[in-house]
Amino acid sequence: MDNAADNKNRWVLGFFAWAILQGWLEEVHLSMMMVGHTHEDIDAIFKRITDQWREKKKVLTPSGFLCMLQ
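Given the structure is predicted, the values throughout are model-derived calculations rather than measurements.

### Points about the overall build of the chain
Argument step 1. The secondary structure content of the chain amounts to three helices and zero strands.
Argument step 2. Along its sequence from the N terminus, the chain presents helices and strands in the succession α-α-α.
Argument step 3. Look at the contacts in the chain between residues 6 or more apart in sequence, and 41% of them connect residues 24 or more apart.
Argument step 4. Carbon and sulfur atoms make up 61% of the accessible area of the chain, which totals about 6200 Å².

As structure tokens, this is what we get:
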């Protein structure tokens, strides 16, 4: 999750607590990135996708998409 307040409000945390009580989840781990660094991981993934598209490589299957990301 990014560090936005919307991701740490009582409704989001309450939903996770409710999902545990319902038995849908056994536990929840929340991880927040350091302030100012919240988009670095996703930017790296989008760069790979953009580079592939610039090379005009087609992705036709979900497995092809996963291969492109690696």
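Now that the structure is up, let's keep going.
### A closer look at a nonpolar patch on the surface
Argument step 1. On the surface, a cluster of nonpolar side chains totalling about 510 Å² of accessible area is made up of Phe15, Trp18, Ile20, Trp24 and Leu25.
Argument step 2. Turning to its location among the elements, Leu25 is positioned in the loop between helix H1 (10–21) and helix H2 (40–54).

### Looking at the packing of aromatic side chains
Given two aromatic rings, their pairing is described by the distance between the two centres and the angle made by the two planes.
Argument step 1. A full pass over the atoms with the stated rule returns three aromatic pairs.
Argument step 2. With centroids separated by 5.9 Å and ring planes inclined at 55°, the aromatic side chains of Phe15 and Phe16 adopt a geometry described as tilted.
Argument step 3. Overall, the relative accessible area of 42% leaves Phe15 in the partly exposed class.
Argument step 4. For the ring pair Phe15 and Trp18, a centre distance of 6.1 Å and an interplane angle of 45° mean the geometry is tilted. Of this pair, Phe15 and Trp18 both sit in helix H1, three residues apart, roughly one helical turn.
Argument step 5. Taken together through their ring pairs, the aromatic side chains of Phe15, Phe16, Trp18 and Trp24 make up a single cluster.

Analysis parameters
Residues numbered from 1 in each chain as written. Predicted model: local features only at pLDDT ≥ 70, side-chain atom pairs only at ≥ 80, totals over all residues. Heavy atoms only, no water. Helix = DSSP H or I, 4+ residues; strand = E, 2+ residues; numbered from the N terminus. Contact = heavy atoms within 4.5 Å. Areas by Shrake-Rupley, 256 points an atom, 1.4 Å probe, with all protein chains shown as cover. Patch = residues over 30% accessible without salt bridge, like charges linked within 9 Å, V, L, I, M, F, W, Y side chains within 5 Å. Salt bridge = Lys/Arg side-chain N within 4 Å of Asp/Glu carboxyl O. Phe/Tyr/Trp six-rings, centres within 6.5 Å; stacked < 30°, edge-to-face > 60°. Buried < 20%, exposed > 50% of the residue type's maximum accessible area, 1.4 Å probe, protein only.

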